[in-house]
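Chain by chain, the residues:
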Amino acid sequence: MPDDTSQALVIADADDNYYVLPREVVEMARAEPAARAAIDEHLGAQGRVPLADGYTFVGVLRLTPEGELAHYTTEASWPVATTP
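In this text, all values refer to a predicted model and were calculated from it rather than measured experimentally. (Residues numbered from 1 in each chain as written. Predicted model: local features only at pLDDT ≥ 70, side-chain atom pairs only at ≥ 80, totals over all residues. Heavy atoms only, no water.)

When you go through the protein residue by residue, the secondary structure sums to two helices and six strands. When the 84 residues of the protein are sorted by exposure, 13% land in the buried category. Considering only contacts in the protein between residues 6 or more positions apart, those separated by 24 or more positions represent 32%. Accessible area for the protein stands at about 6,800 Å²; split by element, carbon and sulfur atoms hold 55% of it. (Helix = DSSP H or I, 4+ residues; strand = E, 2+ residues; numbered from the N terminus. Buried < 20%, exposed > 50% of the residue type's maximum accessible area, 1.4 Å probe, protein only. Contact = heavy atoms within 4.5 Å. Areas by Shrake-Rupley, 256 points an atom, 1.4 Å probe, with all protein chains shown as cover.)

This part is about the environment of Ala45. With respect to the helices, strands and loops of the structure, Ala45 is situated in the loop between helix H2 (36–43) and strand S3 (49–50). In this structure, the C-alpha to C-alpha distance between Ala45 and Gly59, residues 14 residues apart in sequence, is 9.2 Å.

So, on to the pairing of strand S1 (residues 8–12). Here S1 runs beside strand S2 (residues 18–22); their pairing, made up of five bridges, is antiparallel. Note that in S2 the partner of Val10 across the bridge is Val20. Taking the residues that link successive antiparallel strands as the turn, the S1-S2 hairpin has five residues, and the phi of Asp16 there is positive, at about 65°. (Pairing = 2+ DSSP bridges.)

What follows deals with unusual backbone geometry. With a phi close to 65°, Asp16 is a non-glycine residue in the positive phi region. Position of Asp16 relative to the elements: it lies in the loop between S1 and S2. Since its relative accessible area comes to 55%, Asp16 is described here as exposed. Unusually for a residue other than glycine, Asp53 sits at a positive phi of about 50°. Relative to the helices and strands, Asp53 is located in the loop between S3 and strand S4 (56–57). For Asp53, a relative accessible area of 65% puts it in the exposed group.

Another point: H2. Helical geometry note: an α-helix holds 3.6 residues per turn, so side chains three or four residues apart project in the same direction. Taken residue by residue, H2 has Ala38, Ile39 and Leu43 as its buried positions. Taken down its axis, H2 places every buried residue within 135° of arc, on the same side. The exposed set on the far side of H2, more than 90 degrees from its buried face, consists of Ala37 and Glu41. Remark: Gly44 follows H2 within two positions and exhibits a positive phi of approximately 70°. (Arc of directions from axis to C-beta.)

Another point: the environment of Phe57. Take Phe57: it is sitting in strand S4. Exposure remark for Phe57: the relative accessible area of 38% places this residue in the partly exposed category. Taking the C-alpha atoms as reference, Phe57 lies 9.7 Å from Gln46; in sequence the two are eleven residues apart. The contacts of Phe57, once residues within four sequence positions are left out, are Gly47, Arg48, Val49 and Leu51.

Quick look at the structure:
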């Protein structure tokens, strides 16, 4: 096994399609600390599910382009949670 490995988060949708998100992609989508309260409010009482290697599934947000949590960066249509 090569020594130059990196992590990737693998998720699957309801149709069993896999999505491989390299750690660098996950880091690009990190929410600002100031947005955490708004995110928690939108998530409601969804429970946390421990995954692996320090990741935890917290919930699913429904983002609209004009919503308070959908701030688009210079990255290609990458939503990043920020406060308005």
